[in-house]
Amino acid sequence: MSLKGKIAVVTGAARGLGRAISLRLAQGGAAISVWDLNGAGAEETARMIREAGGSAIAVQANSAKADEIARGVAQTHAELGPVSILVNNAALSPFVPFQDITEEIWDDLMAINLKGPFLCCKAIIPDMLAAGWGRIINISSSSAQTGAPAMAHYVASKGGVIGFTKALAMEYANSGITVNNVPPGFVNTEGLREAPVNIDAFAPTTPMKRPGRPENIAAAVAYLASDDADYVTGHTLSVNGGRYLG
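If you're wondering where the values come from, they're calculated on a predicted model, not measured in any experiment. (Residues numbered from 1 in each chain as written. Predicted model: local features only at pLDDT ≥ 70, side-chain atom pairs only at ≥ 80, totals over all residues. Heavy atoms only, no water.)

Sorry, what's going on with the state of the cysteines here?
What is meant by a disulfide is a covalent connection between two cysteines, made through their sulfur atoms. With the rule as written, the count across this model stands at zero disulfides. In this model Cys-120 remains outside any disulfide bridge; the closest cysteine sulfur is found in Cys-121, 7.1 Å from its own. Cys-120 sits in the buried class, given a relative accessible area of 0%. By relative accessible area, Cys-121 is classed as buried at 2%. (Disulfide = S-S within 2.5 Å. Buried < 20%, exposed > 50% of the residue type's maximum accessible area, 1.4 Å probe, protein only.)

Where do I start with helix H2 (residues 39-51) in this structure?
Quick reminder: α-helices carry 3.6 residues per turn. Residues three or four places apart thus point the same way. Look at H2: 18 Å from first C-alpha to last across 13 residues, which is about the 18 Å you get at 1.5 Å a residue. Buried within H2 are the following residues: Gly-39, Gly-41, Ala-42, Thr-45, Ala-46 and Ile-49. Packing partners of the buried residues in H2 comprise helix H1 (16-27), strand S2 (31-36) and strand S3 (56-60). One side-chain oxygen at the N-terminal end of H2 lies 3.2 Å from the backbone nitrogen of Ala-40; it belongs to Asn-38. Among the residues trailing H2, Gly-53 stands out with phi positive, at a value near 100 degrees. (Helix = DSSP H or I, 4+ residues; strand = E, 2+ residues; numbered from the N terminus. Expected span 1.5 Å × (residues − 1). Contact = heavy atoms within 4.5 Å. Polar contact = N/O pair within 3.5 Å; in protein donor to acceptor, adjacent residues only side chain to side chain.)

Help me understand the sheet that holds strand S6 (residues 177-182) in this model?
Within a sheet, each strand pairs with its neighbour through backbone hydrogen bonds, oriented either parallel or antiparallel. Spatial ordering of the open sheet is given by S3-S2-S1-S4-S5-S6, a layout of six strands whose pairing is parallel. Either end of the sheet is taken by a strand with one partner, and the two such strands are S3 and S6. Looking at each pair of strands side by side, their axes are set apart by 15 degrees on average, direction ignored. Here strand S4 (residues 85-88) pairs with strand S5 (residues 134-139) via four bridges, running parallel. When the bridges of S5 are listed, Ile-85 appears paired with Arg-135. Sheet strands in contact with H2 are S2 and S3, and its direction is about 175 degrees off that of S3. Running at roughly 155 degrees to S5, helix H9 (residues 214-225) makes contact with S4, S5 and S6 of the sheet. (Pairing = 2+ DSSP bridges. Axes fitted to C-alpha atoms, helices over the stretch in contact; angles between N-to-C directions.)

Is there a simple way to think about the pairing of S3 in this case?
Two faces, one strand: in a regular strand the side chains alternate between the faces of the sheet. S3 sits mainly inside the fold: four of its five residues count as buried. Pairing of S2 with S3 involves five bridges; the strand directions are parallel. Its bridge partner being in S3, Ser-33 is matched across the sheet by Ile-57. You can see the chain leave S2, run along H2 and come back into S3, and the turn it takes is right-handed. (Right-handed = clockwise from strand over helix to strand, strands pointing away.)

Looking at this structure, how should I read unusual backbone geometry?
Negative phi values dominate among residues other than glycine, just as trans dominates among peptide bonds. Within the chain, Ala-150 stands out as a residue other than glycine whose phi angle is a positive 60 degrees. Note on Ala-150: relative accessible area 28%, which makes it partly exposed. With phi around 65 degrees, Lys-209 is a residue other than glycine that occupies positive phi space. With respect to the helices and strands, the residue Lys-209 is situated in the loop between helix H8 (199-202) and H9.

What is the right way to read the UniProt feature "domain: Ketoreductase" (unreviewed entry) in the chain from this model?
Taking the UniProt record as the reference, the feature "domain: Ketoreductase" (unreviewed entry) is found at residues 6-185. The annotated region residues 6-185 carries 51% helix and 17% strand content, and the separation between its end C-alpha atoms amounts to 28 Å. (UniProt positions renumbered as here; feature names shortened; annotations may be inferred.)

Help me understand the pattern of salt bridges in this model?
Side-chain pairs of opposite charge can arise whenever the charged atoms involved come near each other. Tallying each qualifying case throughout the model produces six salt bridges. Salt-bridge contacts for Asp-227 lead to Arg-135; the nearest nitrogen and oxygen are separated by 3.6 Å. One end of the pair, Asp-227, is in the segment after H9; the other, Arg-135, is in strand S5, with 92 residues separating them in the sequence. Members of the salt-bridge network, linked through shared partners, are Glu-44, Arg-47 and Glu-51. (Salt bridge = Lys/Arg side-chain N within 4 Å of Asp/Glu carboxyl O.)

Teacher, can you tell me more about the packing of helix H4 (residues 103-131) against helix H6 (residues 152-171) here?
When two helices pack together, their arrangement is given by the angle between the helix axes and by the axis-to-axis distance. Put simply, H4 and H6 touch, their axes get as near as 8 Å, and they point 20 degrees apart. Taken together, the axis directions place H4 and H6 in an arrangement best described as roughly parallel. Between H4 and H6 the crossing geometry is right-handed. Residue-level contacts link Ile-105, Trp-106, Leu-109, Met-110, Asn-113, Leu-114, Pro-117, Phe-118, Cys-121 and Ile-125 of H4 to Ala-152, His-153, Tyr-154, Ala-156, Ser-157, Lys-158, Gly-160, Val-161, Phe-164 and Leu-168 of H6. Across the contact of H4 with H6, the residue classes tally to 15 nonpolar, four polar and one charged. (Parallel < 35°, antiparallel > 145°, perpendicular 65-115°, else oblique. Left-handed = near helix turned anticlockwise from the far one by under 90°. Nonpolar A, V, L, I, M, F, W, Y, C, P; charged D, E, K, R; others polar.)

This is how it looks when you write it as structure tokens:
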């Protein structure tokens, strides 16, 4: 599944899933534009890729703000070239009881989790249309498939990402652009370890009795980004160790 000659933007790539995805795409030969609000973390991911022999730049940007996205795209064009792969990974995933979710909390989360992918796609799809080839992979969530307590805003946003994926896939199906989403479930990242979840206690309740690894998600993204998946679009590729079957 060679990605040689492809240029990928991965948002929220300073750590966790975004870092693992960036490293995996780079291993396949893609040049990576590592986007994150955390500039130091983005640079660390880019450094890891370069030290492994790959090509990468770091872009400090808020992927929910159109002006910062435009700046990130311009920097990527100048240093790497036109974008052919977009991974919308940046997201907030707080636990807040429903009655404690304020309008401000709701709006801030929707801006990152749902408006962000919309704005990034708007800015980057023209590159893909010009090339007649593109891959968009949105990171959704198994919580949108099952529901989750104290995460109504998060679940709503990720459900929106799944619907958004399907709509774009239909609209661009004959253009050489595929649009798919990957909903991770119970993956051992920094975000999970920071959440109010007892990983050791919860793991035995799952079919595989263990959490997933970021590399599991990265492998699914790498497949969807490749030519091997050129007849797969609008698909939800669940990577959850059997927690949700559907």
